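As a plain string of letters, each chain reads:
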Amino acid sequence: MFAIHGGHLNPFLLACADLGVRLVDGRHEGASGHSADGYARATGGLGVVAVTAGAGYANCLPAIVSAHLDRVPLLVVTSSPPLRESELNELQGGIDQVGIVRPVTRWAHRVTSTDRIPDLVGLAVRKALAGPPGPVLLDIPVDVMFSEVEESRIATAGAPAAALPAPSAEVVAAIVERLEASRRPVVIAGNGIRYSHGLDALVAFADRSGVPVFGQMGTAGLPADHVSNAGGAWNLGMLETELGERPDLVLLVGARLGRFLGGRTGSMVPDDATLVQIDIDPSEIGRVRAVDLPVVADARETLLAVTAGLRDGGAERAGWAKGVVAVNHRRSSFADEPAEVDGRIHPYHGVRAALRALDPSTTVVVDGGEAAGWVWESLAEARPFDVMGFGGYLGILGLSTGLGVGAQVARPGGRVVVFCGDGAAGFHIQELDTMVRHGLPVVTVVVNNALWAQSVRSQNRDYGPRGEVISHLTDTDYDQVATGFGAYGERVTTLSEVAGAMRRALDCGRPALINLSVAYGPEPRTAAGMGRKPSTDEIAVPYYEAIPKGPY
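Conventions and cut-offs
Residues numbered from 1 in each chain as written. Predicted model: local features only at pLDDT ≥ 70, side-chain atom pairs only at ≥ 80, totals over all residues. Heavy atoms only, no water. Helix = DSSP H or I, 4+ residues; strand = E, 2+ residues; numbered from the N terminus. Rg over C-alpha atoms; globule rule 2.2 N^0.38 Å. Buried < 20%, exposed > 50% of the residue type's maximum accessible area, 1.4 Å probe, protein only. Contact = heavy atoms within 4.5 Å. Areas by Shrake-Rupley, 256 points an atom, 1.4 Å probe, with all protein chains shown as cover. Core = buried A, V, L, I, M, F, W, Y, C linked by side-chain atoms within 4.5 Å. Axes fitted to C-alpha atoms, helices over the stretch in contact; angles between N-to-C directions. Parallel < 35°, antiparallel > 145°, perpendicular 65-115°, else oblique. Left-handed = near helix turned anticlockwise from the far one by under 90°. Phe/Tyr/Trp six-rings, centres within 6.5 Å; stacked < 30°, edge-to-face > 60°.

Enquirer: Give a detailed account of the overall build of the protein chain, specifying residues and quantitative values.
Expert: Assigned secondary structure in the protein chain consists of 20 helices and 22 strands. Taken over the C-alpha trace, the protein chain has a radius of gyration of 24 Å; the compact-globule value for 552 residues is 24 Å, and the two agree within 12%. For the protein chain, the C-alpha atoms occupy an extent of roughly 70 × 60 × 55 Å along the three principal directions. Within the protein chain, the fraction of its 552 residues that count as buried is 54%. Within the protein chain, contacts between residues at least 6 apart in sequence are counted, and of these 73% link residues at least 24 apart. A total accessible area of about 22900 Å² is found for the protein chain, and carbon and sulfur atoms account for 54% of it.

Enquirer: With reference to specific residues and values, describe the nonpolar core.
Expert: Across soluble globular proteins, nonpolar side chains show a tendency to be buried alongside one another. One finds Ile-64, Val-76, Val-101 and Leu-137 to be the most contacted residues of the largest nonpolar core, which totals 44 residues. In this structure Val-101 touches Tyr-57, Leu-61, Ile-64, Ala-108 and Leu-137, once residues within four positions along its chain are discounted. Val-366, Ala-382, Ile-514 and Val-518 belong to the second largest nonpolar core, which has 36 residues in total.

Enquirer: Any details on the packing of helix 9 (residues 199-209) against helix 11 (residues 299-309)? Residues and values, ideally.
Expert: Direction vectors running N to C along helix 9 and helix 11 enclose 25°, while the axes themselves pass 9 Å from each other. The orientation of helix 9 relative to helix 11 falls into the category roughly parallel. For the pair helix 9 and helix 11, the sense of crossing is left-handed. Between helix 9 and helix 11, the residues in contact are Asp-200, Ala-201, Leu-202, Ala-204, Phe-205 and Arg-208 and Arg-300, Leu-303, Leu-304, Val-306 and Thr-307, respectively.

Enquirer: Lay out the environment of Thr-401 in plain terms, naming residues and giving numbers.
Expert: Counting through the fold element by element, Thr-401 comes out in helix 15 (residues 399-410). Expressed as a C-alpha distance, the spacing of Thr-401 and Arg-84, which sit 317 residues apart in the sequence, is 39 Å. The contact partners of Thr-401, leaving out residues within four places of it in the chain, are His-428, Glu-431 and Met-435.

Enquirer: Give a description of the packing of helix 2 (residues 29-43) against helix 15 that names residues and reports values.
Expert: At a minimum axis separation of 6 Å, helix 2 and helix 15 run at an interaxial angle of 45°. Considering their axes alone, helix 2 and helix 15 lie oblique with respect to each other. The two elements helix 2 and helix 15 meet at a crossing, and its hand is right-handed. Here helix 2 contributes Ala-31, His-34, Ser-35, Asp-37, Gly-38, Tyr-39, Arg-41, Ala-42 and Thr-43 to the contact with helix 15, which in turn contributes Leu-399, Gly-402, Leu-403, Val-405, Gly-406, Ala-407, Val-409 and Ala-410.

Enquirer: Summarise the side chain of Glu-284; cite the residues concerned and give the values.
Expert: Inspection of the secondary structure assignment puts Glu-284 in the loop between strand 11 (274-279) and strand 12 (293-296). Sequence-distant contacts of Glu-284, that is, excluding residues within four places in its chain, are made with Arg-71, Arg-256, Leu-257, Gln-277 and Asp-279.

Enquirer: An account of the packing of aromatic side chains is requested, with residue identities and associated values reported.
Expert: Across all of its chains, the model carries eight aromatic pairs by this definition. Pairing Phe-260 with Tyr-393 gives two aromatic rings, centres 4.9 Å apart and planes at 75°, and the pair type is edge-to-face. Of the two residues, Phe-260 sits in the loop between strand 10 (249-253) and strand 11 while Tyr-393 sits in the loop between strand 16 (386-389) and helix 15, which places them 133 residues apart along the sequence. Between Phe-427 and Trp-452, the aromatic rings sit 6.3 Å apart at their centres with planes inclined by 75°, giving edge-to-face as the arrangement. A residue pair is termed long-range when its members are at least 10 positions apart, and Phe-427 in the loop between helix 16 (422-425) and helix 17 (431-437) and Trp-452 in the loop between strand 18 (443-448) and helix 18 (453-463) qualify at 25 residues. Of the residues examined, Phe-427 reaches a relative accessible area of 42% and is grouped as partly exposed. One aromatic cluster is present, built from ring pairs that chain together Trp-234, Trp-376 and Phe-390.

The quantities given are spatial measurements derived from coordinates; they are silent on function.
See the structure below:
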């Protein structure tokens, strides 16, 4: 459990220690919430965070909202002032903690009696893990938390979760029919694979069908060396340019249409492609565009059933599949650019060199605006085991530090490497102390250009140099900050130093930070998913569709 101490939680924290629950205490409630998020993503199970009342609870709100938008099962345990002192201007009172989070949780509840704690905790866990998963909050007021309990009279909580639904035979047959009629099919796999523990089913489907598999938000779920691993879904936007063809069938498996699949532009999911959407949440189907075959079912169960029903092994589609997968390993358009720009490392070359230095099967956590774009450009070089982050649907910066902590706790024998911009690094850099105290050898690579680079880019493009308002940073020695916390720190200023610095960071046996000094330089393909440029009668808006000129 990830937590920060607060007096309201004392009995709970003591009981956790007595029962052998590992407590990973951080330095900020928001980061601890993100750590529980990272733990949930890494395990495909429940993440748990405990935060104290009032300010502690409020600090954790961004992590709750992020988990809500990205469908991460999170149990948030908090406390509040005594029930008996309600409306007395009590310390940390005056706000309805349960009411505030109800719109962004699957369930939120205040416990008013000690004998209800077990069954309400059980209910909270089931709500968090149900389809679709998400955060839940349990508020235990301090007078309830400190009350005495006769354990022999307390009932158990019940089973943690029920089996999720499988598709009917008719639906499976319809999916199979469309797949076998298709000549250019693709699969886009989302977090529905992660939380249904569906990797085995996804691999079996890919082996049997030969259909190339893309991953929403960076990871396909397939092993990095699998012949059907087509990389991140952003590669979909390059198929027409690279192959001269686009998919005629898209199978969404636990993935959602929206910003990270090109919005309503059709740039990644073609408007004329047959769309099959498999999602546990019926309200998600058809949200952005019409769906030809809607399937409300568990991702893993559906893939297993479809794989069993396939008659065609995909031999006729082998050329298409091979070409699609090759796009993920294409030679970048930035490859021939110089190693340095304006006396600093070219960001493409610097990030690529850092990714190439990673051990295979590393968990890669990504954060930032343009920094994320440079990671996208060369991610296949790392052959990652898993990829997390990219801001998610909240577009939040700073979550990568917490995700890295949670992933490392969940995978103690694996390597976890965080890539973030210098802007994102500033949100929770104090969690280096958490890594040091808990012996978590996370390596952080700060892609440092002393700018909010994505902001500068759009400000200058839309308004000229006068538009660059509050978007410049200091070239900070983040490596020395790391050293001050007891981690390993190193600044890298030339491309030839990158591989050696990464090796030293990976081999030092403790948390480490590489301060990668890069140039502002060229612009990565951070906006590729949104497709077309605005026309002359439209106004460009950062991150969203262009809006018409004139009265709105």
